[in-house]
Amino acid sequence: MEIFRQLSILLLLLFQNLSVYCQTDIRPVSGAAAAMGNCSLSMQGNWDGFSNQASLAYQRQFWVGAHHENRFMLSELGLSMLGVAIPVKPGTFGVDISHFGFSEFSTSRAGLGYGMFLGKRFAAGVGLAFTRMQLPADYRNATAFTVEGGVHYMPTSKLTFGFYVFNPTGSTFDDLGDLPTLMGLGVSYLPSQNILLTFQIDDDTQRAPTFRFGLEYRVMERTALRLGYSVASPEGITAGVGLPIKGFDIDFSLSHHQQLGFTPSLSVAYLFGKKDNKTQ
């Protein structure tokens with residue numbers, strides 16, 4: 001029964017919804033965002049700078065991290081990522097490398113981004129991304145180069161708007177498929193010092209827009225409980241926790257799909273120097 005379940009899931013994802021997973025796995029993720037319905041575009045945390053390069057402006061300390069998740073508890077649907085933030089003046093560089101899939105089908109990405117503040121209320125960032133799609137042996141592999149970027153607007157210290165676009169140039173995998181243009185708009189609000197609410201809408205120009213919701217409660221400065229929901233299939237209800245262990249920030253999340261099961265994810269980041277970020 002377990003073998004039958006795994007084969008069924010693989011067939012469902014890799015044949016019926018292959019284009020969906022090509023679109024979702026060309027962008028970085030993190031345990032914190034995954035716990036909040038994958039809301040990240042208006043957030044200011046460490047990993048969020050890879051989802052919206054404007055968030056790199058808040059990263060004023062050097063850090064390195066790793067992320068991994070097994071979608072629906074299947075190693076064939078594993079996603080792994082390495083991330084580095086390098087503060088300079090007046091902004092911060094971010095480097096990310098990720099890989100999704102298995103020997104018969106996979107996508108790999110390498111990205112370089114830069115974000116900085118433009119005055120007190122605005123932050124902006126831009127990135128370059130290289131994506132490689134590996135297909136079964138009977139097909140050739142494909143690569144694509146594209147750009148991405150976004151902005152943050154903070155009318156008050158409690159409210160942040162974020163906008164992001166990926167592949168506005170319309171780059172493609174040659175004749176093997178399109179590299180989608182992705183756009184997103186997010187809003188984050190701090191009703192109190194310990195509570196963060198976030199909402200996000202994504203549009204990949206090929207499917208109906210996706211709505212996402214997230215809630216974070218800060219038990220202590222670096223300890224957080226998180227909940228979220230995404231209407232995108234096969235996503236759904238999400239939850240997680242963020243914990244500090246000495247110089248490490250550890251973010252664990254778990255999402256559940258009614259038919260396909262659970263997806264655990266874990267992000268670990270080591271920060272060099274004093275921690276000063278409020279939202280991670």
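About the criteria used
- Residues numbered from 1 in each chain as written.
- Predicted model: local features only at pLDDT ≥ 70, side-chain atom pairs only at ≥ 80, totals over all residues.
- Heavy atoms only, no water.
- pLDDT = per-residue confidence, 0-100.
- Contact = heavy atoms within 4.5 Å.
- Core = buried A, V, L, I, M, F, W, Y, C linked by side-chain atoms within 4.5 Å.
- Buried < 20%, exposed > 50% of the residue type's maximum accessible area, 1.4 Å probe, protein only.
- Helix = DSSP H or I, 4+ residues; strand = E, 2+ residues; numbered from the N terminus.
- Salt bridge = Lys/Arg side-chain N within 4 Å of Asp/Glu carboxyl O.

1. Focus: the confidence of the model for the protein
Okay, step 1: Considering every residue of the protein, the mean pLDDT works out to 85; 85% of them sit at 70 or more.
Okay, step 2: Below a pLDDT of 50 lies the segment residues 14-24, which in the model reaches 24 contacts outside its immediate sequence neighbourhood of four places, other chains included.
Okay, step 3: Taken together, the stretch residues 276-280 has pLDDT below 50 and engages in 20 contacts with residues farther than four places along the chain or on a different chain.

2. Overview of the nonpolar core
Okay, step 1: Residues Leu77, Phe100, Phe105, Met133, Phe166, Phe173 and Leu179 are the most contacted members of the largest nonpolar core, which totals 19 residues.
Okay, step 2: Contributing elements (two or more residues each) for this core: strand E5 (122-134), strand E6 (142-156) and strand E7 (159-166).
Okay, step 3: Counting seven residues, the second largest nonpolar core, distinct from the first, contains Trp47, Phe50, Ala269 and Leu271.

3. Examining unusual backbone geometry
Okay, step 1: At the junction of lysine 89 and proline 90, the peptide bond is cis and its omega measures out at 10° in the coordinates.
Okay, step 2: Following the sequence through the fold, proline 90 ends up in the loop between strand E2 (78-87) and strand E3 (92-102).
Okay, step 3: Even without being glycine, asparagine 38 reaches a positive phi, approximately 65°.
Okay, step 4: Within the secondary structure, asparagine 38 is located in the loop between helix H3 (31-35) and strand E1 (63-70).
Okay, step 5: At lysine 246, a position not held by glycine, the phi torsion is positive, near 55°.
Okay, step 6: Within the fold, lysine 246 resides in the loop between strand E12 (237-245) and strand E13 (248-257).
Okay, step 7: For lysine 246, a relative accessible area of 79% corresponds to the exposed category.

4. Observations concerning the pattern of salt bridges
Should the charged atoms of two oppositely charged side chains come close, the side chains can pair.
Okay, step 1: Applying the stated criterion to the full structure yields seven salt bridges.
Okay, step 2: Ionic pairing is found between arginine 218 and glutamate 216, a salt bridge with its closest N-O pair at 3.2 Å. Pair check on accessibility: arginine 218 and glutamate 216 agree, each one buried.
Okay, step 3: One network of salt bridges, in which partners are shared, links Glu216, Arg218, Arg226 and Asp251.

5. Some details on the environment of leucine 118
Okay, step 1: Positionally, leucine 118 belongs in the loop between strand E4 (105-117) and E5.
Okay, step 2: Accessibility expressed as a relative area gives 49% for leucine 118, which makes it partly exposed.
Okay, step 3: Along the primary structure leucine 118 and valine 151 are separated by 33 residues, whereas in three dimensions their C-alpha atoms are 9.8 Å apart.
Okay, step 4: Those residues in contact with leucine 118 that lie beyond four places of it in its chain are Ala123 and Ala124.

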